[in-house]
Each structure stands twice: as structure tokens, then as C-alpha cells.
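For reference, the chains in residue letters:
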Amino acid sequence: MRVAVYAVECNAAWEIRISLNMAVDRLWWNAEGNGVEGWGGGQADRLVLLSPSLPLGWGVQLREGFKASPAMRLWKKEDWKSYIANCLKAEIRQEQAAGGFREAEWLTEGNISGESMLDRAGGDVKEAAISGNYGGEQVFPKESLLGWGGPAALAVAANQLAAVLAGRSLLQGEVDALVAERLPELAENWPAAVQLSHLQGRIRIEAAVAYNDPKRGGGVMGQRSKVKQSVKETERTENREQGGGVLGWRRMMKQNGKETERISNREQGGGVMERMSETVAGRGSRPLLTVGRFPLVTGRLLRGAALRLLPLLRLPRRGAAARRGAPRCLRCGSVPTGRTACAACGLAGCAYCEACLALGRSRACALLLRSAPLPAVRCTAGVSPTVAARRWGLSAAQAAAAAAALGFLAEPRERSAVSGPERFLLWAVTGAGKTEITFPLLEAALAAGGRALIATPRRDVVLELAPRLAKAFPADIPAVLYGGSDDRWSASNITLATTHQLLRFNQAFDLVIIDELDAFPYHNDPMLAYAAGQVCKSSGSFIFLSATPPAELQRLARSGRLPHARVPVRFHGHPLPVPVHLHMPPLHRCLKQGRLPGSLIRALQRSLNRKAQTFLFVSRIAHIAGLLQLLRRIFPGVPMEGTSSKDPDRAEKVREFRNCTISLLVTTTILERGVTIPRSDVFILDADSSLFDEAALVQMAGRAGRSKDDPDGHVVFASAEWSKSQRRAISQIRSMNAIAHRQGYL
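This one's a predicted model, so the numbers in the text were calculated from it and none came from an experiment. Throughout, residues of each chain are indexed from 1 in the direction in which the sequence is written. In keeping with the model being predicted, local features are shown solely for residues with a pLDDT of at least 70 and side-chain atom pairs are shown and tallied solely at 80 or more, while totals for entire chains, interfaces and linings include all residues. Side-chain numbers come from the whole structure's heavy atoms, not from hydrogens or water.

Draft legend 1. Region of interest: the overall build of the chain. Within the chain, the regular secondary structure consists of 23 helices and 30 strands. Buried means the residue's accessible area, taken with a 1.4 Å probe over protein chains only, is under 20% of the maximum for its type, while exposed means over 50%, and partly exposed covers the values in between. Expressed as a percentage of the 746 residues in the chain, the buried residues total 54%. Any two residues whose heavy atoms approach within 4.5 Å at even a single point are treated as in contact. Sequence-distant contacts, at least 24 apart, represent 72% of the contacts inside the chain between residues at least 6 apart. Under the convention used here, a 1.4 Å probe and the Shrake-Rupley method define accessible areas, while residue burial counts only the protein chains that appear. Counting every atom, the chain has about 32600 Å² of accessible surface; 52% of that belongs to carbon and sulfur. To qualify as a helix, a DSSP run of H or I must reach at least 4 residues; to qualify as a strand, a run of E must reach at least 2; elements of each kind are numbered from the N terminus.

Draft legend 2. A look at the side chain of T614. Structurally, T614 is set in strand β26 (residues 613-617). For T614, a relative accessible area of 1% translates into the label buried. A polar contact of 3.4 Å, which involves the side chain of T614, links it to the backbone oxygen of A612. The contacts of T614, once residues within four sequence positions are left out, are L604, S607, L608, F657, S663, L664, L665, D681 and F683. We define a polar contact as two N or O atoms separated by no more than 3.5 Å, with the added condition that, inside protein, one atom must be a possible hydrogen donor and the other a possible acceptor, whereas residues neighbouring each other in sequence contribute only through side-chain atom pairs.

Draft legend 3. View of the pairing of strand β30 (residues 715-719). Extensive coverage of β30 is indicated by the burial of 5 of its 5 residues. Alternating positions in β30 separate into two faces, V715, F717 and S719 on one and V716 and A718 on the other, with burial throughout. Two elements, strand β25 (residues 580-583) and β30, share 4 bridges in a ladder whose sense is parallel. Of the residues in β30, the one forming a bridge with V580 is V716. Only when DSSP finds a minimum of two bridges between them are two strands counted as paired. With 4 bridges connecting them, strand β29 (residues 680-685) and β30 associate as parallel partners. Considered in β30, the bridge of V682 is made with V715. Here is how to tell: hold the view so the strands point away, follow the path from the first strand over the helix to the second, and if it runs clockwise the crossover is right-handed. A crossover connection joins β29 to the parallel β30 through helix α22 (residues 694-701); in handedness this β-α-β unit is right-handed.

Draft legend 4. Focus on the sheet that holds β26. Pairing is parallel across the open sheet formed by 6 strands, whose spatial order is β25-β30-β29-β26-β28-β27. With partners counted over all chains shown, the strands left at the sheet margins are β25 and β27 (640-642), one partner each. The average angle at which neighbouring strand axes cross in this sheet is 20 degrees, direction not considered. Strand direction decides the pairing type here: β27 and strand β28 (residues 664-667), joined by 3 bridges, are parallel. Following the sheet pairing, G642 is matched in β28 by V666. Where helices are involved, their axes are fitted lines through C-alpha atoms of the stretch in contact, as for all axes, and angles between N-to-C directions lie from 0 to 180°. Along the sheet, helix α20 (residues 622-634) contacts β26, β27, β28 and β29; its crossing angle with β27, the most-contacted strand, is approximately 170 degrees. Contacts from α22 reach β26, β29 and β30 within the one sheet, and its direction differs from that of β29 by about 150 degrees.

Draft legend 5. Local environment of the packing of aromatic side chains. Between 30 and 60 degrees the pair is tilted, below 30 it is stacked and above 60 it is edge-to-face, where a pair is any two Phe, Tyr or Trp rings, Trp via its six-membered ring, whose centres lie within 6.5 Å. Applying the stated criterion to the full structure yields 14 aromatic pairs. When the centroid spacing of 5.4 Å and the interplanar angle of 50 degrees are considered together, the rings of F505 and F509 count as tilted. Across the pair, exposure class does not vary: F505 and F509 are buried alike. Ring geometry for F542 and F544: centres 5.8 Å apart, planes at 25 degrees, overall stacked. Judged on exposure class, the residue F542 and its partner F544 are both buried.

Draft legend 6. Region of the structure containing the confidence of the model for the chain. How sure the predictor is of each residue is captured by pLDDT, a score from 0 to 100. Taken over all residues, the pLDDT of the chain has a mean of 79, while the share at 70 or more is 77%. Confidence drops under a pLDDT of 50 for residues 129-144, and excluding neighbours within four residues, the segment shows 40 contacts in the predicted structure.

Draft legend 7. Examining the sheet that holds strand β17 (residues 367-371) more closely. Taken in spatial order, the 3 strands make up an open sheet running β6-β17-β7, and their pairing is antiparallel. If you trace the sheet from one side to the other, it starts and ends with β6 (169-171) and β7 (203-207), each paired once. The mean inter-strand angle of the sheet, taken between neighbouring strand axes irrespective of direction, is 25 degrees. Looking at chain direction, β7 and β17 are connected through 5 bridges and run antiparallel. Residue pairing in the sheet places I203 in a bridge with S371 of β17. Contacting β7 and β17, helix α8 (residues 190-199) runs over the sheet at an angle of about 110 degrees to β7.

Draft legend 8. The arrangement of empty space enclosed by the protein in detail. A 1.4 Å probe that fits but cannot get out identifies a cavity on a 1 Å grid over protein atoms alone, an open set with protein on both sides within 12 Å along at least five of seven lines counts as a pocket, and a residue lines either if it has an atom within 4 Å of a point. Grid points are joined across faces, edges and corners, and a volume is the space filled by probe spheres set on the points. This structure, assessed with the given rule, holds 4 cavities of 30 Å³ or more. Considered as a void within the structure, the largest cavity measures approximately 120 Å³ in volume. For the lining of the largest cavity, the secondary structure elements donating two or more residues are α22 and α23 (724-742). The element best represented in the lining of the largest cavity is α23, accounting for 3 residues. Of the residues assigned to the lining of the largest cavity, the class counts are 9 nonpolar, 3 polar and 1 charged. Within this model, the second largest cavity holds a volume of roughly 70 Å³. Lining the second largest cavity are K434, T435, T438, F439, I454, L465, L469, I513, D515 and L545. Looking at the lining of the second largest cavity, the elements with two or more residues in it are α14 (434-447), α15 (459-472) and β22 (509-515). Asp, Glu, Lys and Arg are counted as charged, while Ala, Val, Leu, Ile, Met, Phe, Trp, Tyr, Cys and Pro are counted as nonpolar; the rest, among them Gly, fall into the polar class.

Draft legend 9. View of unusual backbone geometry. With phi around 55 degrees, N11 is a residue other than glycine that occupies positive phi space. Position of N11 among the secondary structure elements: in the loop between β1 (2-10) and β2 (13-19). The exposure class of N11 is exposed, given its relative accessible area of 59%. A positive phi is found at Q507, a non-glycine position, where the angle reads about 45 degrees. Following the sequence through the fold, Q507 ends up in the loop between β21 (494-498) and β22.

Draft legend 10. The layout of surface pockets, seen in detail. By volume, the largest pocket amounts to about 860 Å³. Going through the elements one at a time, α17 (551-558), α22 and α23 are the ones with two or more residues in the lining of the largest pocket. Of the residues belonging to the lining of the largest pocket, the class tally is 14 nonpolar, 13 polar and 10 charged.

Draft legend 11. Just the environment of L596, in detail. Here L596 lies in the loop between α18 (587-593) and α19 (598-609). Residue L596 is classed as buried on the basis of its relative accessible area, which comes to 8%. With 11 residues separating them in the primary sequence, L596 and P585 have C-alpha atoms 8.8 Å apart. When neighbours within four sequence positions are excluded, L596 is seen to be in contact with L587, C590, I601, L627, L630, L631 and I634.

Below you can see the structure in the form of C-alpha cells.
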């Protein structure tokens, strides 16, 4: 999309603003709405329209890379146009390289203005009635509010919109859908309400793809410094690596009859450094050391001077540094992979992100609305294990872990020098009742007036947890979010979601519980890890739940650098079933020969004889059909089925397996976690496969023995080789049993 961009001076401080509706901004900065609730804007001294219609990404670049200068109050129209041209030089060159307009074509009146809209200098008010067209509507005349009845009605709408956008991070199409469902009366005019909320500081207007790197010039993360301006301090952003800026170029101007020279910023290629460097075309261009520029340094003084100059020289980035300096998708954190012509902004090379394309196209010109973050609440103090056990029916091990986590939530946040949410690991064996352990934590967050999120990688687990949470918290029915969910825009103090849905939130929750953080697709997916990191308030808390934490978290926990609690025993107090090894040829060879080894057949027969629900895990989907054919021939009359991630009837087959309509289920790791079937035995074929790591083996083994009526289920690792992953999985299970025995939980 395209937006209006203007510079405003208020209380001797300049800033650049983006507008979706200039009529709202003119009323705000004229202070004409003062006296009406929601219209508390200060009276501006000057307001200069920089562009009536500029690509959103370019407008954000101007805003975030802005540096104030005392000379701006003396600038004329041509000064502002030169400033804009200099700041956007790299963008214009990049656009020209993509086949778009040249610089002269961009610097026309339709794109770049520099016209003064308001000037109160000398006590006289000079206001220009600039006419313009934006989105087919006349937005510059202050008398027009695009259909709103007046400032009071617009303020009410802004309050409503800010409330439904609280904690959200949404593209324009998603905002349309949200407003249509929650606030249909605002469906046609919500941009004006958004603009007022933005001026109030309650909603942030961003480009979906933008620079957001503290080491790159400008941006929200840019380094800030103080400069003196007319005896008052104003803040400006140090743009170290971006060519351009108020102090980044030299020109002569007349002031009070004297010729003065604007300060040249050595970092931007002016003065001495300009003569000692060459500029690389494109964004983040840097001066280069070239042959013959420096004489041979032999003296100590010259050598010292050269060393002092080197930090000022900006060499081309390579490797990871170059990637950090690239624009990123603010929704998923990925680097845009392509550029294409865009009708919405008119650019021939508009960057877009393919990583989160399934949730809507994220472009450099796409409007991304985010609510301003609020401070996190502090949860109440931890309760004793006895109280937790009585309130939620927890075992001794569960209650002790819940009490430790509650104590963590209540602690002051001075434990770590690292900024951001604090982390706590709940390391609980499979079947320990991790969900029940989180109930006291959720209760504490809600009692303090906070919002809580439970995120899990898989939809199956979300659907299983939803009724349990609704029963535990009837006063706060959770919003259940997954692909195709009816609760997509529902609001609740408890949110239960798949990890992909977290891309639509930003600093929304006081407590974030990540379940099964080692599971696919969350594990080793930078996009989902980025999304999870964005949803928690900066002073909030993360609780990680896992039976098989990643190795790094295990190391941090063992070294004492990560607060944690272990639950080494299941809720029924019996030890975990220890797998036994059964030697057999690779499954693909058995299928090719059309027979299974007798030892495996006898083990399966024992499970069927004791009426156990039998999981048969295989490493590849392609093996399921052939294995089912063999098993049906060997065990005629035994009801059995196969399922995988590609099976549209998977949920129905799992339901039949749970109801004992099916006795044997051949499956893949899609059912390695999140599924509890009473009286189960587990067989893992090709347990030495590289697709089965230690965590997967522990999780699959954890399907057995979960019921208090049958705590001693059987687990078989069937393979040709005795792999390291199998040994480590068995070692981990035995270690947890030993800890539970020492602590008296068995």
C-alpha cells in the first residue's frame, strides 16, 4: 500500500510520521480535538508534508532512519525534497535496477512534496489547504473524516479497535477479517480509527518486511544519542550504516545573509572520509579501503592515526553479518527471498516473504498493525505442594514441580542480565501429567489479571487439550487456534494454539507455556522459534514443557543456568517401562521376502493375548501398506489399521483405536506424542533408523504403561543394529526411574 508521510515539530522536537488518513493527523496536531476524550495531541509548531503517497516500506525507512537537525526549522521545500531524495537514494537505485522508475521520475510532485501544511513561527498561524487524493478519498482537507460523525465518534471507534487488536500482529487482510467479525460497523472506515489509535500510541504501523537490526542504521532498534537543540535535548537516531540522513550530505545555504555549511557526517561519506572511500551501490553501502588511498605507514604517529581511522571505515559485510543487515519479515523473522512487481505500491521490485506465505503475503509495502505492548503482571507467590495437590488433585511429584514453577513466577526479575522474558523448564517424563501441572500456573496468571498462552506444535494435541482446559477453567473458556479454527478472532484470557498461530500475536501474553518444544514442526524451525519469542511480554515468563528437552536446555539445567523442576515419575507412581531389544532384519527386507521373524510374531501374539492396544511404529510411510498386508495374513481376524500424516482419516482411526474397535495400529512418529491409549504395548521396527533419534524413541516408548490400570506396558526396540540412540533412550528412562526411586515417588 501507499501512505502519506510528514514531518512535524512539536515542543522544539522534530519527528517523521506515517499516516493512513491525513485528516485525522491535521486535527490531532492542530489540537482542534482537545477537550474530546481521546484527542490529547499537542499543538504542533510546524507540519511539512513530505509525500502525499509513498510506498509504505519507504515511508517506514524515512521514519526509522530520521535524524533531527536544528536547521530544519529554516528549511524550504527544496531542502526537504533534497533530504528525502538522499535518504531514499539506495531504495530508488534498487528500484531502478529492478526496471522501475528513475530518480527524476520518483521526485515528482505526486510522490515527493515538501509543502508546509502548518507553520506557527513568530506567533502567526499559516495553514495551507492542500488538496490531495489518497485511496480515492479526499483526505487532506481537515473538514473530512471519511464518513465519521466527528472527533468524538472516531475516538470511540479507536478505543474499540485498539481493544480487539490488543496483543495482535496482523496484516491488512487479517485486520479486515477481524473487523468484519468483531466490529462490523467499522468495516469500511477502520483506517481512520487505526490512525487515531496510532497517534495515541496504542497501535504501531509497520511495514511487514523492513530492516529491524540494531547494527543497521535506523530502525526501531537503532542506537540513540542525545544532541543539544536550542538549549533543549532532542533525541535522534544514529544511522551508522545507511547512506544519507540530515547530517549525511553537504550543501551550502544562506542564513541571515551569511553562508554557512552544514556539518558533514564522516560516517556518511562527507569531509575527509569522503575523499578516502568509495561507495558500494545499494542498501547499506560502505566506504572501501582501496589501493593507493593510504600511504605506507612507517612512523608510530601515522600508524596510530590509521588505527584510529579504521573503526570509522565501513567494509562490506560477509556471511552472517550480511544476512543480519538484510531486511526481514517482521512477522516470521525470515529474510525475504524475492522481489516482484506490486500493484499495491507501484514498485517494480517489492520484497516479499515466502516462509509465512500460507498465512498471507508479507510484503515490504504490506501494512502490519501491532498493538503497543503493555507491562507484564506479576503472578502470586507459590503455594505449598499440599495445597496444590488438594486443589488440583496432583501427585506429590506433580505438586512439588508446580510449587517450584509458581515460586519462579513470583520471583523478581533481577536473576539474569539478559533482557527479555525469563525461562523455566518443566522436565517431566512421558505420562507424568504435565497438563495438570500447568493448571496452578494458569490460575496464578489469571488471578493476577494476566493473559496466558499454551502453545503446542500439533493440532491433534490442541484438540485433545481443549476440553480438559475448558473443564478446568469454566470461567475462562480458552480460545482454541489452529488452521481452520472457528475461534480465529476470539478473545480470551487463555489461548490454546498451534505454534504456527503465534505468528499473529506480538507481546500479548504474561505467561507463555510451550508444550513439547522438541517436537516437529517447532523443533529446528527458526520461524516458529521466532514467533514464540515474539508473543511473550518482555517482562513475562516462558515455561517449557518436555519429556525430552533439547540437549542445550538439558546442559543449561544441569549447570544451574536454567531454573527447572523434574518430574521423574508418572502420576500413578509406577516406574517407566524399560524397552527390550529384539533382533530382526531391516523391515524393507522382510517386506521384500514376504515374511516377519518368528521372534517378532511371538512378541506381538503375547500382546494380543493380553488384550493390549498395540502400537507398531515404522520409520517410513511407504512401509505401512505392505506391513499391514503381512500382519493381516499372520493374524487373521485381528482388527488392525494403518495411519500417517498423509491419512485424511487419521483422527477417526485414532478414535477407534482408543475405543478398542481397532486392536493394532501401524503408524509413524505422527503419533509418538500427545496420544494416550489405556493398556498399550509399543513395538518400534527399524529402531536403529537414523529417523529415530533419542527423543523420538523415548516418546514412542512413552505410549506404554500410561494407565494406572496397566502401568507395566511392554516396549520392544526391534532392529538389526544396537544404535547409540537406542542405548541413550534406555539410559534416560532408567535414569528417571532411579531419580524417582531416590526421591521416594515410586
